[in-house]
Amino acid sequence: MDLSFLLLALGQLISPQTIAYALAALGLAVQFGFTGLLNFGQAGFMAIGGYAFAITTLRLGFPFWLAVLSTIVATTVMALILGIPTLRLRADYLAIVTIAAAEIVRYVVKTPDLIPLTGGSDGLNGSSITFDAINPIPPGSYGFGPLRYDENDLWIIIVGWIFVLLVALLVRQLMRSPWGRVIKGIREDEDAVRSLGKNVFSYKMQSLILGGALGGLATIINIIPTSLQPDNYGTQTTFFLLTIILLGGATTVFGPLVGAIVFWVVLSLADGVLTLLINSHLLPISSVQQGPIRFIIVGVALMLIVIFRPSGLVGKKREAFFA
Amino acid sequence: MPDTTAERAPLIDGAPAPGVKKLDPMVVADGVQRTFGGVHAVDVDHVEIPRGAITALIGPNGAGKTTFFNLLTGFDKPNKGSWSFDGKPIGGVAAYKVARRGMIRTFQLTKALSMLSVMENMRLGAQAQPGENIARALIPALWKPREKEVTDRALDLLARFKLDDKADDFAASLSGGQRKLLEMARALMSQPKMIMLDEPMAGVNPALTQSLLHHILDLKQTGMTVLFVEHDMHVVREIADWVIVMAEGRIVAEGYPDAVMSDQAVIDAYLGSHHDTDLGDLSEEQQAELLDETQVAVEREEDGTHG
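Conventions and cut-offs
Residues numbered from 1 in each chain as written. Chains lettered and ligands numbered in written order. Predicted model: local features only at pLDDT ≥ 70, side-chain atom pairs only at ≥ 80, totals over all residues. Domains from an automatic or database assignment. Helix = DSSP H or I, 4+ residues; strand = E, 2+ residues; numbered from the N terminus. Expected span 1.5 Å × (residues − 1). Buried ≥ 20, exposed ≤ 12 C-beta atoms within 10 Å, placed from the backbone. Pairing = 2+ DSSP bridges. Axes fitted to C-alpha atoms, helices over the stretch in contact; angles between N-to-C directions. Contact = placed C-beta atoms within 7 Å. Nonpolar A, V, L, I, M, F, W, Y, C, P; charged D, E, K, R; others polar.

Peer 1: Just to check I follow, could you spell out the domain arrangement of chain B for this structure?
Peer 2: Frequently, the measure chosen for interface size is the accessible area that the parts lose on association. In terms of domains, chain B is made up of domain 1 (5-112 + 193-278) and domain 2 (114-173). Distance from the C-alpha centre of domain 1 of chain B to the C-alpha centre of domain 2 of chain B: 30 Å.

Okay, structure coming up:
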């Protein structure tokens, strides 16, 4: 029996992909969980942010910090474009506009005419150069047991986790402040908050910008050890993120982090177990069917959580999203 | 009865009539129109709401009372018209700015924020909290002192409304009547000049109704202007200083409570053909009595005019 998949699943505990999804999910939790904004285009914010970083790094030769700043500017502009016409309207308008905008972004960057800029369907490679250049870790192989990382992988994992934890603490501080109180009030009933003299539109916009920027920054962590692929930022990514925050607890700060870890570890474990069963002829399915089946497993897990633990894994029962 | 008409200071100089000028108006509205697909939901030529008094806005269902409320407080935009609050025009001003200028409203369907604690609901009502700015929110030292003041005021108000033992509970755990109390207390957090209550007694049990009435009378004692929409004529008679009657979007009558509620035009507008069913559950003797009282009231008003 080949049990190496257990190692892969273990690796997902701390992988850059998990960090990226945790960060993007935290951004979505700010928007959806705390403010009640139905952003169905978080993948679009991730794509815009990723392209802003990769293009400014590779095409314009920006230093790392300036490329990160470009990501924040790009996601902010996107939030303003999507938010200004929709945030005064009912919540569902934002949902429609964001889901469409995310797809527009994906199709635009894949346009063949834009290959010199965006790389088309192949995406962009090598945007890690500026980040790797500031890596203080000496070359070598690091890790424990069979989990090995080279110096650049280790660098992004360390920086990524520190960054995610800092952002989580920052968001927690915000949510415990009077600002967070207004935000949570808006989630419940924006007219009530408006009647108390708060500029609801401005708060919703701030939330959309903050959550979108976290999505964009997440992509930087995702693409540094790999590459920027436009099809990784399709609609399914947004729904993975929604799954993650419901899994962990949509109205919590650390829920999205726990959710991202559980999501990727479970997905990886399910994949490994299925492979094992198929290879030992215990399951009468082909390996082509294996991919969709692991998502069925995730879907069932999500249903069970929503039914039996509606506040998520770390959420308080009273703040349940599906009460 | 906590109040009698005899003690009331005159609010007008002249005979009561729709659109009559007040001696000291808080709100003055002119030519306010709101149509929904051809239907004139609100069509008010002129109305003034007296300062420092309790004014009741009554009328049958669909008379446009709540729409008029929404227009005055910026929650809806009129097709045309202008109005001022405390001498300054506020037509077309955003709802949150209207609230900041001191005109705070409550809602017909109570809007207690149920997943926040009672105390957090109260704190949300306060103004000038620097921690509501996203940058300052990150530095507690900048907003903790104000938070303390706000919390003290909230505790004070909660004690007055007998909700202090519920301060740390989620608002969801309150009864319907307690939510009404919370909403009113929350509206008072910002120390408004005027409070607008949309059906404050709806769905409140009789015991709590009395307590709510006293709270509204207390507001007047502190110099606040109160405008409220109400269907219960007992309540209107008991606490209102002035009554404005709306029907089909227009102001059809205005006057002191006792006089207005026995006005035939009001009875027709308000109750239509069923005017014998309920005008505060009066028996026939009481109605006859009321008629006498009205005569007295009318005479008194005439005296006031001539004197």
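Peer 1: I tried to follow helix H11 (residues 200-223) of chain A on my own but got confused; where do I start?
Peer 2: Since the α-helix turns once every 3.6 residues, residues separated by three or four places project in the same direction. With 24 residues, H11 of chain A ought to run about 34 Å at 1.5 Å a step, and its terminal C-alpha atoms sit 35 Å apart, in line with that. Of all 24 residues that make up H11 of chain A, 21 are buried, and the element is covered over most of its length.

Peer 1: Quick question: what am I supposed to make of the sheet that holds strand E8 (residues 225-229) of chain B here?
Peer 2: Strand pairs in the sheet, formed through backbone hydrogen bonds, run parallel or antiparallel to each other. All names here are of chain B. Taken together, the six strands give an open sheet; going across it, the order is E6-E7-E8-E3-E9-E10, and neighbouring strands pair in mixed fashion. The open sheet is flanked by strand E6 (103-105) and strand E10 (250-255), the only strands paired with a single partner. Going from strand to strand, the sheet's axes swing by 20° on average, the running direction of each strand aside. Two strands pair when backbone bridges link them, and strand E3 (residues 54-58) and strand E9 (residues 242-247) are joined in this way by four bridges, in the parallel orientation. Looking across to E9, one finds that Leu57 is bridged to Ile244. Packed onto the sheet, helix H7 (residues 206-221) meets E3, strand E7 (194-198) and E8 and runs at close to 150° relative to E8.

Peer 1: Sorry if this is basic, but what is going on with the pairing of E8 of chain B here?
Peer 2: One face of the sheet, then the other: side chains in a regular strand alternate in exactly this way. All names here are of chain B. Taking burial as the measure, the five residues of E8 include five buried ones, the bulk of the element. Residues Thr225, Leu227 and Val229 point to one face of E8 and Val226 and Phe228 to the other, with burial holding for every one of them. Taken together, the five bridges between E7 and E8 define a ladder with parallel strand orientation. Bridged to Ile195 within E8 is Val226.

Peer 1: So what exactly am I meant to see when it comes to the interface of chain B and chain A here?
Peer 2: With 29 residues of chain B at the interface, the matching set in chain A holds 25 residues. Mapped onto the side of chain B that touches chain A, the elements with two or more residues apiece are helix H2 (95-100), E6, helix H3 (118-124), helix H4 (134-137) and helix H5 (140-160) of chain B. Broken down by element, the residue count for the side of chain B that touches chain A peaks at four residues, all from H2 of chain B. Per-class residue counts for the side of chain B that touches chain A are 14 nonpolar, seven polar and eight charged.

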